[in-house]
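An overview of the molecular structure
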Amino acid sequence: MAENTEKRTDVNELGEFGLIEHLTKRFPIKNKSTIKGIGDDAAVIDSGKMMTVVSTDMLVEGIHFDLMYTPLKHLGYKSVIVNLSDIYAMNAMPKQVTMSLAFSNRFSVEALEELYQGVEAACAQYDVDLVGGDTTSSPRGLIISVTAIGEAEKDKIVYRNTAKVGDLMCVTGDLGAAYLGLQILEREKQIYLSNPGVQPDLEEQSYLVRRQLKPEARREMIKEFSKAELVPTSMIDISDGLASEIFHLCKESGVGAFVEESGVPIHPDAEMMAIKFQMDPITCALSGGEDYELLFTIAPEDIEKVKFLPGIYIMGEIVEASEGIKLHTKGGNIHPIKAQGWNHFKGNE
Ligand code: ADP
Ligand code: MG
């Protein structure tokens, strides 16, 4: 190999989003049908009467999942769900998925069948068709890449860069549970490794563990929006933690946000487990990941349309960018929210 005298930059210097920006900046859009390229939960393509939305996510063994405590069936289910969530975040309905796999000879036909039972369950549950993919080998471990394709009427697509000052900020479901589920599984793994005779007792924490291993995507919310004739002014799904998603939405929209801690929904099981782990529940909600809830904004006059929808919480307001992104705590203090999402590069040295 020729000696490489060129400068070597570590990807951590740019961070995930800096890197994507750096690599993709020389790709101007050439086709009129490309309505939205890089930078949202999904790309948007004009397909005539409707808009087509496309999103891809990759799950890597050892980074995104640990097969010591992740049943393959749940993994197959989750790999579809994380992609459907990005399609719902555009206010669109997913219709098809493709599934690409790379695996080492450690995986048997039976193991892959189990993975596909989960894929099948997700496709059945969310009414999507598996229409293709790719299969190849890897020197070690399992890598799963799923692409989801969805559709929406042209005037119904919701982006993350269109929040306006004065809009109300809303969130669905509850936050932080998947992160705490992961902490429980990691703790059980350590106990097992030091004493393989001990059987894990996960029954009592079934809600938190389920939120981590078998998450759901918020299809019913998109249906509720449609029934209520509500089109949010902006939307993003919460995959990397609430704080990180608030930052993306605000940065892309050129606005700030004022969030009430008391408005951030946290499940009682998550609250109790956070305290048991000596963590602040709000920190788990802000910085934990993998909730797959929806963060969205609405015009203030639309408040009547969401006020009585179950599972939606109004937790803040969009303000001028110069006012920053702040949390009003239950204790009455106001402090800036830090964008501490998951950075997969960090744990991967
Ligand atoms: P999400 O968290 O919603 O799945 P990501 O943070 O993964 O979205 O990606 C942000 C945007 O960058 C998306 O539009 C995605 O398609 C795009 N993107 C991510 N990685 C790459 C890449 N390697 N090349 C081109 N575009 C990318
Ligand atoms: Mg997303």
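Here goes a summary of the coordinates provided. Treat the numbers as computed from the prediction; the structure is a model and nothing was measured.

Taking 1.5 Å of rise per residue, the 12 residues of helix α7 (residues 242-253) would be expected to cover 16 Å, and the 16 Å separating its terminal C-alpha atoms lies within 8% of that figure. Most of α7 sits inside the fold, with 9 of its 12 residues counted as buried. For α7, every residue scored as buried is listed here: Leu242, Ala243, Ser244, Glu245, Ile246, His248, Leu249, Cys250 and Ser253. Immediately downstream of α7, the backbone of Gly254 shows phi near 70°, a positive value.

As for its placement among the helices and strands, Thr172 is situated in strand β7 (residues 168-172). A polar contact is formed between the side chain of Thr172 and the side chain of Glu293, at a distance of 2.6 Å. Within the local environment of Thr172, its side chain forms a polar contact with the backbone nitrogen of Leu294, the two atoms lying 2.9 Å apart. Here Thr172 is in contact with Arg218, Met221, Glu293, Leu294, Phe296, Gly311 and Ile312, once residues within four sequence places are set aside.

Turning to the site of ligand 1, a few remarks are in order. In the neighbourhood of ligand 1, the contacting residues comprise Phe17, Ile20, Thr24, Ile38, Gly39, Asp40, Asp41, Asp57, Asp86, Arg160 and Ser239. Gly39 is positioned such that a nitrogen or oxygen atom in its backbone is 2.8 Å from an oxygen atom of ligand 1. At a separation of 3.1 Å, an oxygen atom of ligand 1 approaches a polar side-chain atom of Asp86. Contact with the protein chains covers 62% of the free accessible surface of ligand 1, which is 560 Å². Among the elements that line the shell around ligand 1, the one with the most residues is helix α1 (residues 15-24), at 3 residues.

Attention shifts here to the coordination of the magnesium ion (ligand 2). Coordination of the magnesium ion (ligand 2) by the protein is provided by Asp41 (OD), Asp86 (OD) and Asp237 (OD), with metal-donor distances spanning 2.0 to 2.1 Å. All donor residues of the magnesium ion (ligand 2) come from one chain, and their arrangement in sequence is D-x44-D-x150-D. You can see Asp86 sitting in helix α2 (residues 72-88) and its partner Asp237 sitting in strand β8 (residues 234-238), a full 151 residues away along the chain. With a relative accessible area of 1%, Asp237 lands in the buried category.

Conventions adopted
Residues numbered from 1 in each chain as written. Chains lettered and ligands numbered in written order. Predicted model: local features only at pLDDT ≥ 70, side-chain atom pairs only at ≥ 80, totals over all residues. Heavy atoms only, no water. Helix = DSSP H or I, 4+ residues; strand = E, 2+ residues; numbered from the N terminus. Expected span 1.5 Å × (residues − 1). Buried < 20%, exposed > 50% of the residue type's maximum accessible area, 1.4 Å probe, protein only. Polar contact = N/O pair within 3.5 Å; in protein donor to acceptor, adjacent residues only side chain to side chain. Contact = heavy atoms within 4.5 Å. Near = heavy atom within 4 Å. Areas by Shrake-Rupley, 256 points an atom, 1.4 Å probe, with all protein chains shown as cover. Donors = N, O, S within 2.8 Å, 3.2 Å for Na, K, Ca; no water.

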